[in-house]
Number of protein chains: 2
Amino acid sequence: MADTLEQYAKAREALIAEDRRLRRDSSREPSDIELKADKVVRDIRAAEAVSVWGAEHPDIPHPFPGMEFLTGKSVIVKTEIFKILLKMPKGGLLHAHLDATVDVKCLLRLAYEHPALHIRVSDAVNATSVNTVLPEFKAFPKQAYSEVQELTQSPMQWVQLSKARENFPADLGGAQGFDKWLTASMMINPSEAYGTHNTVAKIWQKFTNTFSVASCLTLYAPIFRDYVKEFFLTSIADGISYVEPRINFRHRFMDDADGNECVPHREWLVMFDEVLKEVKEDLQKQGREDEFIGAKIIYTTLRLITPEELTWYTEDCIALKKEFPHLIAGFDLVGNENELKPLIDYLEPLLQFRERQKEEGVEIPFLFHAGETFGDGTETDMNMYDAILLGTKRIGHGFSLVRHPRLMEICRERGIALEVCPISNEILRLTSSMPMHPLPILFNNGVPVALCCDDPSIFGNMGLTFDYYQVLVSSEVTGLVQLAEVARDSIKYSMLEPEEKQRALESWERQWAKFVKEVAA
Amino acid sequence: MADTLEQYAKAREALIAEDRRLRRDSSREPSDIELKADKVVRDIRAAEAVSVWGAEHPDIPHPFPGMEFLTGKSVIVKTEIFKILLKMPKGGLLHAHLDATVDVKCLLRLAYEHPALHIRVSDAVNATSVNTVLPEFKAFPKQAYSEVQELTQSPMQWVQLSKARENFPADLGGAQGFDKWLTASMMINPSEAYGTHNTVAKIWQKFTNTFSVASCLTLYAPIFRDYVKEFFLTSIADGISYVEPRINFRHRFMDDADGNECVPHREWLVMFDEVLKEVKEDLQKQGREDEFIGAKIIYTTLRLITPEELTWYTEDCIALKKEFPHLIAGFDLVGNENELKPLIDYLEPLLQFRERQKEEGVEIPFLFHAGETFGDGTETDMNMYDAILLGTKRIGHGFSLVRHPRLMEICRERGIALEVCPISNEILRLTSSMPMHPLPILFNNGVPVALCCDDPSIFGNMGLTFDYYQVLVSSEVTGLVQLAEVARDSIKYSMLEPEEKQRALESWERQWAKFVKEVAA
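Here, residues in each chain are numbered from 1, in the same order as that chain's written sequence. Chains and ligands are labelled by the order in which they are written, letters from A for the one and numbers from 1 for the other. Whole-chain, interface and lining totals are the exception, using all residues; otherwise, since this is a predicted model, local features are given only for residues with pLDDT of at least 70 and side-chain atom pairs are given and counted only at 80 or more. Computation of side-chain values covers all heavy atoms of the structure but excludes hydrogens and water.

Q: In this structure, what is going on with the pattern of salt bridges? I would like to understand it.
A: Pairing between side chains of opposite charge can happen when their charged atoms approach one another. A pairing counts as a salt bridge when a side-chain nitrogen of Lys or Arg comes within 4 Å of a carboxyl oxygen of Asp or Glu. Tallied over the full model, the rule gives 76 salt bridges over all chains. The partner of E419 of chain B in a salt bridge is R246 of chain B, and the shortest N-O contact between them spans 3.1 Å. Here E419 of chain B is found in strand 14 (residues 417–420), whereas its partner R246 of chain B is found in strand 6 (residues 246–248), with 173 residues between them in sequence. Exposure categories follow from relative accessible area, calculated using a 1.4 Å probe and restricted to protein chains: below 20% of the type maximum is buried, above 50% is exposed, and the middle band is partly exposed. When its relative accessible area of 1% is taken as the criterion, R246 of chain B is described as buried. Among the salt bridges present, the one from R266 of chain B reaches E267 of chain B, with a minimum N-O distance of 3.3 Å. For R266 of chain B, a relative accessible area of 34% gives the class partly exposed. Among the charged side chains, a network of salt bridges with common partners joins R28, E34, E485, R488 and E509 of chain A. Only runs of H or I of at least four residues qualify as helices and only runs of E of at least two qualify as strands under DSSP, and these elements are numbered from the N terminus.

Q: I tried to follow the domain arrangement of chain A on my own but got confused; where do I start?
A: How large an interface is tends to be reported as the accessible area lost when its parts come together. Residues and elements named next belong to chain A. Each assigned domain of chain A is listed with its residue range as follows: domain 1 (83–99 + 218–520) and domain 2 (105–211). Here a residue-residue contact requires only that any non-hydrogen atoms of the pair lie within 4.5 Å. Across the boundary between the two partners, domain 1 contributes 29 residues, which contact 27 residues of domain 2. Put simply, buried area is the surface a 1.4 Å probe can reach on two separate parts but cannot reach once they are joined, added for both. When the buried surface of domain 1 facing domain 2 is broken down by residue, L428, R429 and I458 rank first, second and third, together holding 29% of it. Summed over the shared surface of domain 1 and domain 2, the number is 1 salt bridge. A salt bridge links D255 to K138, with the shortest nitrogen-to-oxygen separation between them at 3.3 Å. Polar contact is defined as a pair of N or O atoms within 3.5 Å, subject to the rule that within protein one atom must be able to donate a hydrogen and the other to accept it, and that residues adjacent in sequence are counted only when both atoms are side-chain atoms. Here domain 1 is connected to domain 2 by 5 residue pairs in polar contact (both at pLDDT 80 or more). Listed by contribution, the elements that provide at least two residues to the side of domain 1 that touches domain 2 are helix 10 (221–237), helix 16 (422–427) and helix 18 (456–459). Looking at which element gives the most residues to the side of domain 1 that touches domain 2, the answer is helix 10, with 5 residues. In this classification, the charged set is Asp, Glu, Lys and Arg, the nonpolar set is Ala, Val, Leu, Ile, Met, Phe, Trp, Tyr, Cys and Pro, and all remaining amino acids, among them Gly, are polar. Of the residues belonging to the side of domain 1 that touches domain 2, the class tally is 11 nonpolar, 8 polar and 10 charged. Domain extents, as shown, originate in an automatic or database domain assignment.

Q: Looking at this structure, how should I read the packing of aromatic side chains?
A: Aromatic ring pairs are reported here in terms of the distance separating the ring centres and the angle at which the planes meet. All names here are of chain A. Within 6.5 Å between ring centres, the rings of Phe, Tyr and Trp (the latter by its six-membered ring) count as paired, and their orientation is classed by plane angle as stacked under 30 degrees, edge-to-face over 60, tilted in between. Considering all chains together, one arrives at 48 aromatic pairs over all chains under this definition. Aromatic ring contacts, followed pair by pair, group F224, F249, W268, Y299, F331, F353, F366 and F368 into a single cluster. Above the plane of the ring of W312 lies R252, whose end atom (NZ or CZ) is 3.8 Å from the centre. Cation placement over rings: the criterion is NZ of Lys or CZ of Arg within 6 Å of the ring centroid and within 35° of the ring normal.

Q: Before we go on, may I ask you to explain the environment of I188 of chain A in this structure?
A: Residue and element names in this part refer to chain A. By the element assignment, I188 lies in the loop between helix 7 (174–185) and helix 8 (190–196). Overall, I188 belongs to the buried group, its relative accessible area being 5%. It is 7.3 Å that separates the C-alpha atoms of I188 and K206, two residues lying 18 residues apart in sequence. For I188, the contacting residues outside a window of four places in its chain are L70, A193, I203, K206, F207, I427, L428, I458 and F459.

This is the structure in structure tokens:
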């Protein structure tokens, strides 16, 4: 035990260093310019903690750094820290569900371009029902366009989207009210997350509804192509240089232009690939190739199918991997972990899938969702054991990993990165605000982490800037230098091939050097 | 990697065991009867998760197990699990602030017995101000009793408590309204915790206010004695067999019967000791000595004093320890860690205190509050390093310990127990509900834990049953067998002398055996 102040100060420094020894940023010595930029950001953060988060804001009863995202977003976007982070090169986006990646306003704009698209509702839309009635969309061939003129009087009857919009009742806001209604049906608003649906179970009901509405549009082939392009372009604009979206292949076919459910999975990949090439070529022409390395797809299906049905999907995945080896990055099962089947239910077909890969000479890593829960010892929490035993290369969420000392150690030792989605976790009520989030535990235990936005069209956290923001303002340990390590890890733990990865890291370092210089200036 | 289902099952079992290897309950093999009782409780818990927590309750919008305590309390008390836990022997209560341990209704009843007690307010009490105006109490000698007849028209004028009560305006509820107002001023209600004061900083303002109101009464010597007795008796009724309350010695004197600030600290201890003897003798006469081993005091002062002032208190503490060696259990600094001074500010007088103890031949262990925060790398979080470097024997709260891998390891290796206060943490907004609480991380890392109620008169979580309840219903890992280990640790990590401890453990085991038999029957 230390006895003099000097001895004490030394012992203290040593203890702190020992405690932080496992951190992934502990072994890298930042350059002077990095330290300077880091300092600039820390100073602004400290100032804004008072000037912005300590100030009164109309309609925001309890502002604080890292507060509930949906309530605080309007404040966040005005901060200097946010503006700086917008420009930061963020590496890869490793956890995002493709059908929830593009701003709902943009998706609607795309939908309005297609006269074939129709809409229907199961109940009449009026002032009391407008917040709960869910729209359904479908395309029809020209000769089958509906003659119905307006939506509200005709539940369950298809109406052309454009007509339904034009003739939407004035007392519900007319065309603007129509847009607002559709937008609300595909997003979560603050009064839902923090009021009417303020539990994990309740908010998941609303969350699931938003997917069922949006998927009618995203699974319409004429929209899909533009949708993917928009996803790439907005990601690039946000400083993301690589994306690895999860695509839900549960539906075996997309609808073609005339609404025929006939576009098979391989066509989805063809479209994806074409858009990818187009975007990369455009960037190259502009000399901006460092800004975007590319994209791969994580094949997913829903964890409500039977174990027997899973085999169809794993075989489908193998076939796609063989045809598009550069596109298929891995395999996962998605959906509400707390209510749908645990991984162990699929043990047989998953082990068999591994065998079949060997037979077919392909490698499709598992990238499982697991532990997206605050349950302790529940089926969802136990999914973490199975994900790791099955050899997952990363864990989607892994919110409950911090409870499991041995599993954290395994993740550190084997380099199993966690795809952490701070804002998603908060809106889906696993944590009430960012300071309560277990992320610092992962950092201090040296578990590789990639920050992700999960379903930005639903949460409004487009790109990665918002998630980076919430993380940065909720910790005195984390600064720009620490976020850089997260960005690096998002490339290191991506499913890029070794040489692609090397190139991606080099591109990122060039962008980072430029960024740091600007911030420090 | 496992290939067959059988191999997989074995590997899974081994991994779970390895992950739980550090748990303090992992080395003890429960008896058949313990396992049976544990199963009974798990079955009831599973049934009540549906029948109670899955049902609709008027005025409770989102019921779930482990929900916000102030909202869920009325549901909790009706459950079978609660009734069972009421009877469980819970060992020691190691973290409670004495002046917040007795039901406010009882404290008021005690106050009303003393005609010398007067009340005043700084603003007129009326329908709009009644929720915010704070009462102040003081005793006067008979010849100085106030002639003022009622409170509301006389801000800043002293009124006899009984008169103020009798003449409290009818539109504010008369005498009952008076009781209600005083009760509310000393407690936190759900709309404050989850509405108007729903941040750590805001709820601490209300929390601090409750202390300032109650302390005028608890520091009145004629009440103190009865107050301490009530604390012992209600603790015993709740299955607590030992208490180690923190007493705040910031004020150098208590008021005597006539309101003279003249009762010194040693008199407080004399009264405490007398009540303790009385209660123990009564129990012995009833053959109930197993139910209560005793009580010791943790000497505390407020962390807003200057480092220079601290020396007066440490010397005072040494003097008391020498006169009452059996009563002084340790030393601590209390108050809002997030806003008051960090431990490091007191480094010099604290190191000096250690030296002085050696000189005086006494041993007064540090039992520091530290890390009662969700801040990451903030001063409060950093207090944990200093508490440990200063050789603390336990940590009060240590809410942020889970972030610090090396510090958790040190706590496990050196046997530094955490005094975890689940309901306090939730009401003071460090966690929004029990499932979000980091307690399972401490359990799985083998950190010794004593569950505590902190300030039950303010939170309404009298005794330990409510905190045990919240912990039990929020985890599938924790059952009766696991809670027993927590109860055992609350004795093992108490500041009882070795032979007292041995006796306390033996008494507890006898009570536990009886309890388990009843539950399993």
